[in-house]
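Examination of the molecular architecture
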Amino acid sequence: MGRAAPSCTAEAGWPRRLPSAALGLIAALGILLGTADCQLQTPCRIQKCTTDFVSLTSHLNSALDGFDLEFCKALRAYAACTYRNSKVCRGNLVYHSALLGISDLMSQRNCSKDGPTSSTNPEVTHDPCNYSGHAGARENQGEEQTSTYLFCGLFGDPHLRTFKDHFQTCKVEGAWPLIDNNYLSVQVTNVPVAPGSSATATNKITIIFKSYRDCTDQKVYQAVTDDLPAAFVDGTTSGSDGNTKSLQIVEKIGGKYVEMHARYIGTTVYIRQLGHYLTLAIRMPQELAMAYEESQDLQLCVNGCPSSERIDDSSHLLLSVMGQLLPQAGATHHWSVYTLETATTKCHEKILVKDIYFYSCVFDLLTTGDVNFTAAAHSALKDVEALHPRKEHWHIFPSNESGGGVSKGSSKFFVSPGFVCLILAVFL
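Small disclaimer: the values here were computed from a predicted structure and weren't measured. (Residues numbered from 1 in each chain as written. Predicted model: local features only at pLDDT ≥ 70, side-chain atom pairs only at ≥ 80, totals over all residues. Heavy atoms only, no water.)

Section: the packing of aromatic side chains
- Summed over the entire model, instances satisfying the criterion amount to 13 aromatic pairs.
- Their ring planes at 80° and their centres at 6.5 Å tell us that Tyr131 and Tyr149 sit as a pair that is edge-to-face. On the criterion of sequence distance, the pair formed by Tyr131 in helix H5 (residues 131-140) and Tyr149 in strand S1 (residues 149-155) is long-range, its members being 18 residues apart. The same class applies to Tyr131 and to Tyr149, which are both buried. (Phe/Tyr/Trp six-rings, centres within 6.5 Å; stacked < 30°, edge-to-face > 60°. Helix = DSSP H or I, 4+ residues; strand = E, 2+ residues; numbered from the N terminus. Buried < 20%, exposed > 50% of the residue type's maximum accessible area, 1.4 Å probe, protein only.)

What follows is the structure, encoded as structure tokens:
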């Protein structure tokens with residue numbers, strides 16, 4: 001019996017950042033590897049040469065310094081691999097196509113035939129300013145997975161969703177740290193939103209991206225009500241001259257919505273202005289978010305609000321909010337134009353699922369009378385859908401279960417008893 005034909009598994013996910021000629025070569029080789037090579041009963045290992053070349057170049061970005069040097073080293077390694085297989089691949093069409101493609105790419109990139117070559121270990125040439133790239137390299141080597149991402153959000157007056165997916169409504173008037181670790185600091189300043197209420201909302205956000213290797217200089221960003229800039233305080237929009245894509249600010253809606261992409265630490269930040277107040281959403285790798293000293297333990301995204309600062313503590317909430325609302329049998333606060341019925345209707349126009357974001361919207365309208373809090377709750381939920389890594393955890397529903405975290409056998413999260421009391425008292 002003849003020897004079994006080689007495996008015909010098609011290569012997937014070719015890198016989009018390679019030069020067009022390289023992409024053309026790889027695409028052509030992929031087609032040939034999926035057809036002609038499947039019919040060849042030969043020990044030719046040209047497919048392995050091509051796979052190694054893709055691994056060595058998939059992380060490269062032509063916009064960054066050093067691209068040509070690393071690409072030429074990978075090409076020379078590719079050429080060396082084909083030379084080692086020259087005898088056994090002599091009659092292989094894919095092999096000869098690879099030779100032509102390598103020669104063409106060397107001419108285009110002005111690569112010399114003699115010089116250093118890349119190791120076939122992708123980690124050797126990973127981009128130090130691409131967190132997802134070197135995190136993936138560690139995983140490929142069998143190390144413990146380090147690319148688990150966490151989400152934190154702050155909106156309304158104010159409602160906090162922590163890295164642990166705990167949901168709280170807090171006072172936290174004045175300046176408070178949301179995040180303070182070895183890579184990033186985020187501080188928010190909150191002011192009262194209505195007379196007679198302990199609720200506050202965010203009118204200032206300060207973010208410090210700390211200096212990191214050659215990827216970025218220290219950059220400070222500051223937003224205040226009616227001043228949401230699309231640049232750092234020094235006027236720049238990126239981390240440093242040599243790595244313009246390692247840290248970037250992108251303006252989505254002028255003066256109303258900006259995004260910050262810190263590629264070197266795998267972190268994304270959304271900041272919006274809705275009405276007179278700001279909202280923030282952030283996604284960050286767990287290993288970096290938890291890299292902090294004992295002195296930095298006061299972080300709202302990590303540990304939540306201190307118990308003395310929570311509005312949704314059972315006794316405090318019922319006395320300060322519900323105690324005033326319920327005796328009026330649906331009447332409005334003197335600072336709110338909304339009744340329970342109209343607030344519920346207004347929030348349902350934007351948020352169809354009656355999760356914690358819906359209930360927060362109603363709470364904010366009854367507390368402040370400011371319709372912009374409806375948009376804030378709706379946008380906060382959209383930011384969760386864009387940044388939270390686990391779809392089954394996007395929606396948080398009220399639960400009487402204690403202990404925090406995810407309830408067994410469901411996607412419900414712990415919400416403190418005070419907020420449950422608010423929901424039951426208002427909506428039943």
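Still to come is the rest of the account.
Brief notes about helix H2 (residues 46-57)
- Relative to the 16 Å expected for 12 residues at 1.5 Å per residue, H2 spans 17 Å between its end C-alpha atoms, a close match to the ideal helical length.
- Burial runs high along H2: 9 of the 12 residues are buried.
- When H2 is considered as a whole, its buried residues turn out to be Ile46, Gln47, Cys49, Thr50, Asp52, Phe53, Val54, Leu56 and Thr57. (Expected span 1.5 Å × (residues − 1).)

Re the environment of Asp370
- In this structure, Asp370 sits in the loop between helix H10 (356-368) and helix H11 (372-387).
- The spatial distance from the C-alpha of Asp370 to the C-alpha of Val337 is 8.5 Å, given a sequence separation of 33 residues.
- Non-local contacts of Asp370, meaning those with residues more than four positions away in its chain, are made with Tyr277 and Leu365. (Contact = heavy atoms within 4.5 Å.)

A word on helix H4 (residues 93-108)
- Given a rise of 1.5 Å per residue, 16 residues ought to cover 22 Å, and the 23 Å separating the end C-alpha atoms of H4 matches this to within 8%.
- Within H4, burial applies to Val94, Tyr95, Ala98, Gly101, Ile102, Leu105 and Met106. Seen from one end, H4 has its buried residues packed into an arc of 130°, which puts them on one side. Of the exposed residues in H4, the ones pointing more than 90 degrees away from its buried face are Leu93, Leu100 and Ser107.
- N-cap assignment for H4: the residue whose side-chain oxygen lies 2.8 Å from the backbone N of Val94 is Asn92. (Arc of directions from axis to C-beta. Polar contact = N/O pair within 3.5 Å; in protein donor to acceptor, adjacent residues only side chain to side chain.)

Quick word on the nonpolar core
- Of all hydrophobic cores here, the largest spans 44 residues; its most connected members are Leu178, Ile207, Tyr221 and Ile271.
- Leaving out residues up to four positions away in the same chain, Ile271 has contacts with Ile205, Ile207, Tyr221, Leu228, Lys256, Tyr257, Val258, Met260, Thr279 and Leu280. (Core = buried A, V, L, I, M, F, W, Y, C linked by side-chain atoms within 4.5 Å.)

Here we look at the packing of helix H3 (residues 67-84) against H4
- H4 packs onto H3 with a crossing angle of 150° between their chain directions and a minimal axis gap of 10 Å. With respect to each other, H3 and H4 are oriented roughly antiparallel. Relative to H4, H3 is oriented so that their crossing is left-handed. Residue-level inspection shows Phe71, Leu75, Arg76, Tyr78, Ala79 and Thr82 of H3 in contact with H4, the latter providing Tyr95, Ala98, Leu99, Ile102, Leu105 and Met106.
- Looking at the contact of H3 with H4 residue by residue, the class counts come to 10 nonpolar, 1 polar and 1 charged. (Axes fitted to C-alpha atoms, helices over the stretch in contact; angles between N-to-C directions. Parallel < 35°, antiparallel > 145°, perpendicular 65-115°, else oblique. Left-handed = near helix turned anticlockwise from the far one by under 90°. Nonpolar A, V, L, I, M, F, W, Y, C, P; charged D, E, K, R; others polar.)

Quick look at unusual backbone geometry
- Although it is not a glycine, Asp165 sits at a positive phi angle of roughly 65°.
- Within the element layout of this structure, Asp165 appears in the loop between strand S2 (159-161) and strand S3 (167-169).
- Located in the positive-phi region is Asp226, a residue other than glycine, with phi close to 70°.
- Residue placement: Asp226 occurs in the loop between strand S7 (219-224) and strand S8 (247-253).
- The exposure class of Asp226 is exposed, given its relative accessible area of 63%.

Comments concerning the sheet that holds strand S5 (residues 184-192)
- The sheet built from 4 strands is open, its strands ordered S4-S5-S6-S7 with antiparallel pairing. The open sheet terminates on both sides in strands that have one partner only, identified here as strand S4 (174-180) and S7. Pairs of neighbouring strands in the sheet enclose a mean axial angle of 20°, with direction left out of account.
- Pairing of strand S6 (residues 200-209) with S7, which is carried by 6 bridges, proceeds in the antiparallel orientation. Counted as the bridge partner of Ile205 is Ala223 from S7. (Pairing = 2+ DSSP bridges.)

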